[in-house]
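Commentary on secondary and tertiary structure
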Amino acid sequence: MSCSFLEFCRLQDLKAVRDFLFLSQKTEPVEEKNLTENELTWDTSDWESAWDSGDNKEEEVEEVTTVQSAPWLQDCVVSLSPCSDLLVLAHDQKAAFLSAKWRSVDSGREEMTLAVSWTGTLSNDEGSSTGRPDWTCVVVGFTSGYVRFYTENGVLLLAQLLHEDPVLRLKCRTYEIPRHPGVTEQHEELSILYPAALVTIDGFSLFQSLRACRNQVARAAAAGSDVIQPPPLAYKKWGLQDMETIVDHSSVGIMTLCVFDQMRNASILGGFNASVKGSPPAMCQYVTVGGGPYTGFYYAVEGSSQPLLSHVALAVASKLTSALFSAASGWLGWHKNKNEEEAVQKHKPKVEPATPLGIRFGLPDSRRHGESICLSPCNTLAGVTDDFGRVTLLDLARGICIRMWKGYRDAQLGWLQVPEERGDREFSPSSALPRRHALFLVIYAPRRGILEVWAMQQGPRVGAFTVGKHCRLLYAGYRLMGVNSVTSQGWQLHTQQVCLLDPITGVLRTVNIPFHLALRQALRLDDNILESEAKSVLLDIKHPAIKKQEVDDALLQFCSSQLKLLQLYTGLRFCVSSAGNFMFWGCLSGKSPLHKVCDTLQQAGIGPQQLLSLLLSVWLQREKEVLQKPEETVRNLHTLLIALSNMKGAVEESWDPQSVSPWWQQVRSICIQSHNAAAALLAALVAHHAVKACITSRADSKPIFPSCITQLQSEWEAVSLELEQWVVCVRQLEDVLVLQTLLLVPPPQGAAGGAAAQCSIKTLLEGGTGGIADSVSKWVFRQNLAPDCRKEVENFNSTLPNLKLNPQCPLCFPELLVAVCQRFPHSLSPDLLFAHCCWEYVVQWNKDPEEGQHLCWAVEHLRLVSSPHIQLGICTMMWSTFIVKRLSAAAYLMEKVTAYVKDMCSCVQDVGMGDKAMTSFLGCCVQLLQILMEADSAVEEVSAPELSVEEVWCGAEGPASIAELALEQRGVHYPLVQHHCLLASLLHAAMTFSLKVKPLSLFDSKGKNAFFRDLTTIQLMPSGDMDPGLVSLRQEFLLRVLTSWVQAIDDFSSSAPVTSSAPLPSCGPKADWWPSLCLELGSLLQVNPDILRRHIVCELYNQGLDLRAEEVMLEVEDKDVLGSQLLVLTGQRLSYSLLHSQSQTQAAMELLARLPPTLCTWLKAMDPSELRCPLVPLTQTSRLVGRLIEILPENHAQYSLALHLLEAVEALTTED
């Protein structure tokens, strides 16, 4: 079921209507008028031909006439009521009303027609209609600013002067039942557009007034009275500002912004100090089109303007009875005399001023001018036409253009909203949900004579119909007025949303669109459908709404035919393979006589191109058998290839060696596409030799040079385009063979990465400039090749040929990798290969974040890249693509948990990895950001590298290499990178040493806002002195990190503790760089580094690592404070030896008795339990006291105490 274009009504007496409207122009041959703007809807009529009464001077406008032979309907205002029961055609001062009637045709069936019900002369220019089932009201706007309301019989009901400018457009909005809960219920409204003002009249009060006026007209007609006193109309008037010209508008209705949009608008309009209300206000949205800007968006807050009440100026035709009688007669004019108009002018009411309304924003385009706007039934989209012949689709909620069509000059628009059929919902699992609706845009292009239907928003064209070039598209855009949520229950009124009026035949046609076209999109069930489209059809069939409408005989026949074609294709491939083996493999393997087979092939009548394809297919498929006896098979292939080339129709007689031969091009194409590189290379070498022989034989048989020139030419090498093509092909196949040999090296058992990818010349060319490096990087990953081994291979390639590899390197064939790199010196340059290896490892890590080693090796490969420009780009891409989201998740997770993150199962849920993998990830983040900072500092010193490819591979077309993408990246903001590196270091330290911390709480508001932003942007960074409380928190955390590190490097749980002089590892919690990192972080966090150094010294002495403490002590600046701290620690050690040791000796007790009383009291006050390593040799304590005497000045308050400690320790040492 597809779109259909159906006739539903015909116009009677259309010629009589035309003659009446253009009666005064029958005998006046004037110049034809070319219109530039057409009427789109009933209430957006373009009244460019002014209606003017000859006696009315106030509303007089220039009259434009047309030739009778011109398309007369384009000069008329045409408006159709939403119920299709009243059609209005108007031109100049005259109007004709056509009402719906039913008549019987010859076939006996009844059809709907529109017959003339009233004609007459109106006062001025603008017209449109609204509808109701029992009666119809016609609203007319005039150049004087008046808006008048008429019945379907031409009787004036109401007139009011709203603004003293010409009326441009009339739009109406009626009640629609909300389809979803929460949707704002829109009120009825009539909007009148003036050149610089917009008047809106509430629909409910207007409906009540018109109904009262109509009742009074009926009573006055019955009583013969001429005086009618209607109630006044309440309206709002907005003065539209900041737009040069306005030609059309749409009143979208009441909307409420979300809180974010409210805050954004307040910030834009009011600046930094703008105040925001507690709840977003309700606003009416108006969209205008014209120029300067091309489209404008206005928002009027509800309650900001009070309704205006003015005296109603009425003008009722005298002798109402005769007027009604004249209207019933059908063809009488309706004129007002001059005296009546002057009486009206004397009682001209006061015009209220407009409330200024500034434009919120617009779509500026200085050269483009909008012509019309058509609002969708759902009030979310709008179509706009302009003078460039474009149709633009606007998203009204976001205020942006989301689609544009070209080539639709003078287009007319309409909308179709198609509900889902009720039968489809019964079988749907979502039958309890609201009924769905599909939206379509109808575009009539008069210059092309075509009517198109497009699915929204980004859907395809679902229908197109060829129509006349002088038709009018009629779109009401509204329904009945006076309907509310109560009276609309059970309301089923048949309306035509979009109609096309053909003035030649007088036929009204409507478009019928099935709902399923919005779901199936662009599925075309034709004979040439592709396999992917067939899959899409089958997937869509699963939906109940499609199942009923789409699974018909055509689809079943299509699936059946496709199945038969697939079976036939499979059988043909088997037959072709069998035929090729039957005809050629015997000859290739030497089992069949060559001359007999060649003679048989020449007599068989089979085309040489088909035979050539069969021969090469057999040769490439049986590569293993060919390589077992290469000499014999190559010789036989050469014979067969020469025989096929000599057949009639193979190589053209007129072939010039300076051009490419289609015959030999076929051979090259087969070799280029083959994944069997060895067999393809042999075939290319044989074909190259055959081409040389062919060119030589042709040159000998057709001498075209004199003998002297021929002799001179024999000394030069012949150059041929065909031979050059073969030279390139052979070189490419050699490269592919070496590369394929490397890629087929089996990986270690249990390695990840999948099977090796097949490669050919075609796949490498389609892979782009980085296709070769990408293939090798995948092989490196499959081989689980560490970066250090890869570096040794590079050294082996570039420096020393006899370099021996590390025995631990898992690489099995280093010479093979070196050979590949030599074949591709540019495509596999060290930087390019390291870059691709880095990217391959980070991609594999992203697939399985628990494999932290993959990310570590990715960073190590990145570190091996020598170009800072490439390093910078790859770091930026890795950060934005893989790192930043996980890092932010880790930071926010540690910020919100109440316990150590290792104990939280949310670690896997939020970050996607466990605690061990998360620790490794954070360490890699620190290294990555450090590489980025180093690269950013070095890019100014060196120029960007120039990437190139080998000459034979310069035809690569496809994606750019990772290095090329890296060079296209923008520079980073160094302080922002350093800011993130600081955070990553804190997170890494917290995870490594199992510390509970809220990392984001260590930064102020500026610092928090700068996190996880694009590194290429400039953010507001923290500056100046930090809050002391914040600095104290930072200092406390760094001291905890240093304490944890000291505890980690001396594990006393083992029986053999690590000595203080033992070397430390380069990674993990025992790494030797943790103190220097904390000192660096302290300088960035405004923490005094000397405090950190003194803490390290004290912690090392506390741990019993005196030698390491002495090394750090040399860097301490405040020796006095350090001396006081170490004095306490020494007293704790001596107190443990004299008072708390379980093996106290008699000598120790005697020494304690000989000590000075002050020293003895001081030692007893010490608490040795604070020492993590209290049992330290006395020689180390004696050395510590000696250091104390050195760093403490003699005038220090505790200098004498230190001397007493020295005497006591020496005495203890002597006793031992």
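Residues numbered from 1 in each chain as written. Predicted model: local features only at pLDDT ≥ 70, side-chain atom pairs only at ≥ 80, totals over all residues. Heavy atoms only, no water.

1. Things to note about the overall build of the protein
Condition: Where helices and strands are cited, they refer to DSSP runs of H or I of at least four residues and of E of at least two residues respectively, numbered from the N terminus. Contact criterion: two residues are considered in contact whenever any of their non-hydrogen atoms come within 4.5 Å of each other. Only the protein chains shown count as cover for residues, and the accessible areas themselves come from Shrake-Rupley with a 1.4 Å probe.
A tally of helices and strands in the protein yields 39 helices and 30 strands. Within the protein, contacts between residues at least 6 apart in sequence are counted, and of these 71% link residues at least 24 apart. Accessible surface computed for the protein: about 57,600 Å², of which carbon and sulfur atoms make up 54%.

2. A look at the environment of M1026
Formally: Buried, partly exposed and exposed residues are distinguished by accessible area as a fraction of the type maximum, computed with a 1.4 Å probe on protein chains only: under 20%, between the cut-offs, and over 50%, respectively.
As for its placement among the helices and strands, M1026 is situated in the loop between α30 (1005-1010) and α31 (1028-1049). Judged by its relative accessible area of 13%, M1026 falls in the buried class. Between the alpha carbons of M1026 and V1087 there is a distance of 10.0 Å; along the sequence they are 61 residues apart. Excluding residues within four positions of it along the chain, M1026 makes contact with D1004, V1031, R1034 and Q1086.

3. A few points about the nonpolar core
Across soluble globular proteins, nonpolar side chains have a tendency to be buried as a group. Formally: For this analysis, a nonpolar core means a set of buried residues of the types Ala, Val, Leu, Ile, Met, Phe, Trp, Tyr and Cys, connected via side-chain atoms within 4.5 Å.
Formed by 208 residues in total, the largest nonpolar core has its most connected members in W664 and I874. Among the elements that take part in this core, helix α25 (residues 868-896) stands out by supplying 16 residues, more than any other. Discounting chain neighbours no more than four positions away, the residues touching W664 are L641, S645, V651, W655, A687, A690, V691, E722 and W726. One finds W405, L451, V453 and M456 within the second-largest nonpolar core, a separate group that totals 39 residues.

4. Concerning the sheet that holds strand β25 (residues 437-445)
Hydrogen bonds along the backbone pair up the strands of a sheet, which may run parallel or antiparallel. What counts, and what does not: Pairing between two strands requires that DSSP report at least two bridges joining them. In this analysis, axes come from line fits to C-alpha atoms, helices being fitted only over the stretch in contact, and the angle between any two N-to-C directions falls in the range 0 to 180 degrees.
Ordered by their spatial adjacency, four strands build an open sheet running β24-β25-β26-β27, and the pairing between neighbours is antiparallel. Across the chains shown, the open sheet's two edge strands, defined by having one partner strand only, are β24 (412-419) and β27 (461-466). In this sheet, adjacent strand axes meet at a mean angle of 20° when their direction is disregarded. Inspection of the sheet shows β24 paired to β25 by eight bridges, in the antiparallel sense. Bridging from a neighbouring strand, Q412 pairs with Y444 of β25.

5. Comments concerning the sheet that holds strand β22 (residues 391-395)
Spatial ordering of the open sheet is given by β20-β21-β22-β23, a layout of four strands whose pairing is antiparallel. Each having just a single partner strand, β20 (370-375) and β23 (400-405) make up the two edges of the open sheet. When strand polarity is set aside, the average angle formed by the axes of neighbouring strands in this sheet is 25°. Across five bridges, strand β21 (residues 381-386) lies against β22 in antiparallel orientation. If you follow L381 over to β22, its bridge partner there is D395.

6. Focus: the pattern of salt bridges
To keep things clear, this is the line we draw: The working definition used for a salt bridge is a side-chain nitrogen of Lys or Arg within 4 Å of a carboxyl oxygen of Asp or Glu.
Here the structure, examined in full by the defined rule, presents 30 salt bridges. Put simply, R436 and E420 hold a salt bridge, and the shortest N to O gap is 2.9 Å. Of the two residues, R436 sits in the loop between α6 (422-426) and β25 while E420 sits in the loop between β24 and α6, which places them 16 residues apart along the sequence. R436 sits in the partly exposed class, given a relative accessible area of 26%. Residue classification places E420 among the buried residues on the basis of a relative accessible area of 0%. Put simply, R1133 and D1106 hold a salt bridge, and the shortest N to O gap is 2.9 Å. Here R1133, found in helix α35 (residues 1119-1140), pairs with D1106, found in helix α34 (residues 1106-1113); they are 27 residues apart in sequence, far enough to count as distant. Across the pair, exposure class does not vary: R1133 and D1106 are buried alike. Connected through shared salt-bridge partners, R731, E734, D735 and R823 make up one network.

7. Digging into the pairing of β27
Here is the key point about a regular strand: its side chains alternate between the two faces of the sheet. Note: strand β26 (residues 450-455) against β27, five bridges, orientation antiparallel. Bridging across to β27, V453 finds its partner in G463. The antiparallel hairpin formed by β26 and β27 contains five residues in its connecting segment.

8. Brief notes about the packing of aromatic side chains
Defined as follows: Centres within 6.5 Å make a pair out of two Phe, Tyr or Trp rings, where for Trp the six-membered ring is used; the pair is then stacked when the planes are under 30 degrees apart, edge-to-face when over 60, and tilted otherwise. Only when the NZ of Lys or the CZ of Arg is both within 6 Å of the ring centre and within 35 degrees of the ring normal is a charge said to sit over the ring.
Tallying each qualifying case throughout the model produces 15 aromatic pairs. Look at F5 and F465: their rings are 5.1 Å apart centre to centre, the planes differ by 25°, and that puts the pair in the stacked class. Of this pair, F5 sits in strand β1 (residues 4-11) while F465 sits in strand β27; the two residues are 460 residues apart in sequence, bridging distant segments of the chain. Relative accessible area serves as the criterion here: at 15%, F465 is assigned to the buried category. Feature note: the residues Y892, F1003, F1011 and F1012 constitute an aromatic cluster, connected by ring pairs. In this structure, K94 is placed above the aromatic ring of F20, and the distance from its NZ or CZ to the ring centre is 5.2 Å. Cation over ring: R668 sits above W726, and NZ or CZ is 5.1 Å from the ring centre.

9. Regarding the pairing of strand β7 (residues 137-141)
In terms of residue burial, β7 counts as a mostly covered element, since five of its five residues are buried. Taken together, the five bridges between β7 and strand β8 (residues 146-151) define a ladder with antiparallel strand orientation. The residue of β8 that forms the bridge with C137 is T151. Between β7 and β8, which follow one another and run antiparallel, lie four residues, and G145 among them has a positive phi close to 100°.

10. Considering a nonpolar patch on the surface
To keep it simple, the criterion reads: In this scheme, patches are assembled from residues that exceed 30% relative accessible area and form no salt bridge. Like charges are connected within 9 Å, while nonpolar side chains (Val, Leu, Ile, Met, Phe, Trp, Tyr) are connected within 5 Å.
Together, V259, M263 and V276 give the surface a local cluster of nonpolar side chains, amounting to about 260 Å² of exposed area. Looking at the element boundaries, M263 is found in helix α3 (residues 259-270). M263 sits in the partly exposed class, given a relative accessible area of 46%.

11. Overview of helix α20 (residues 771-782)
The line we're drawing: Working rule for helices: expected span equals 1.5 Å times residues minus one.
For α20, which comprises twelve residues, the first-to-last C-alpha distance of 17 Å matches the rise-based estimate of 16 Å (1.5 Å per residue) to within 8%. Across the twelve residues that make up α20, a large majority, ten, are buried. Of the residues making up α20, those classed as buried are G771, I772, A773, S775, V776, S777, W779, V780, F781 and R782. Where α20 is buried, its residues meet α18 (721-743), α19 (761-766), α22 (814-823), α23 (830-847) and α24 (852-864). Looking one or two places after α20, you find N784, whose phi comes out positive at around 55°.

12. Quick word on the packing of α31 against helix α32 (residues 1074-1084)
Definition in use: Any angle that is under 35 degrees is reported as roughly parallel, and any over 145 degrees as roughly antiparallel; angles of 65 to 115 degrees are reported as roughly perpendicular and all others as oblique. Amino acids outside the nonpolar list (Ala, Val, Leu, Ile, Met, Phe, Trp, Tyr, Cys, Pro) and the charged list (Asp, Glu, Lys, Arg) are all regarded as polar, and Gly is one of them.
Packing of α31 against α32 leaves a shortest axis separation of 10 Å and a crossing angle of 175°. Classified by the angle their axes make, α31 and α32 are roughly antiparallel. Contacts between α31 and α32 involve L1038, V1041, L1042 and W1045 from the former and W1074, P1075, C1078, L1081 and G1082 from the latter. A breakdown of the residues in the contact of α31 with α32 according to their chemical character gives eight nonpolar, one polar and no charged.

13. Details of the packing of α20 against α23
Just so we agree on the cut-off: By convention the crossing between two helices is left-handed if the near helix lies anticlockwise of the far one by an angle smaller than a right angle, and right-handed if it lies clockwise.
The geometry of α20 relative to α23 is characterised by a closest axis approach of 8 Å and an angle of 55° between their N-to-C directions. With respect to α23, the axis of α20 lies oblique. Remark: the crossing between α20 and α23 carries right-handed chirality. Along its contact with α20, which presents A773, D774, V776, S777, K778, V780 and F781, the element α23 presents L832, L833, H836, C837, E840, Y841 and Q844. Across the contact of α20 with α23, the residue classes tally to eight nonpolar, three polar and three charged.

14. Things to note about the confidence of the model for the protein
What counts is decided by this rule: The predictor attaches a confidence to each residue, called pLDDT, with possible values from 0 through 100.
Mean pLDDT over the protein stands at 78; residues scoring 70 or higher make up 76%. Taken as a whole, residues 27-70 scores under 50 in pLDDT and shows 134 contacts with residues more than four places along the chain or in a different chain. A low-confidence stretch, residues 1052-1060 (pLDDT under 50), is modelled with twelve contacts involving residues beyond four sequence positions or located in other chains.

15. Considerations on the environment of E1170
Note that E1170 resides in the loop between α37 (1157-1165) and α38 (1178-1191). C-alpha of E1170 to C-alpha of Q1132: the two residues are 38 residues apart in sequence and 8.1 Å apart in space. With near-sequence residues (within four places) excluded, E1170 lies in contact with N1102 and Q1132.

16. A look at the environment of L240
With respect to the helices and strands, the residue L240 is situated in strand β13 (residues 234-240). Sequence separation of L240 and A354 is 114 residues, and the distance between their C-alpha atoms is 8.9 Å. Excluding residues within four positions of it along the chain, L240 makes contact with L193, A196, A197, L198, I246, T288, Y298 and L357.

17. Examining unusual backbone geometry
Note the cis peptide between G292 and P293, where omega equals 5°. Note on placement: P293 falls in the loop between β15 (282-291) and β16 (295-301). Cis peptide bonds are those with omega within 30 degrees of zero, and the linkage from M456 to Q457 qualifies with 0°. Here Q457 lies in the loop between β26 and β27. The backbone phi angle of S994 is positive, close to 55°, even though this residue is not glycine. Classification of S994 as partly exposed rests on a relative accessible area of 36%.

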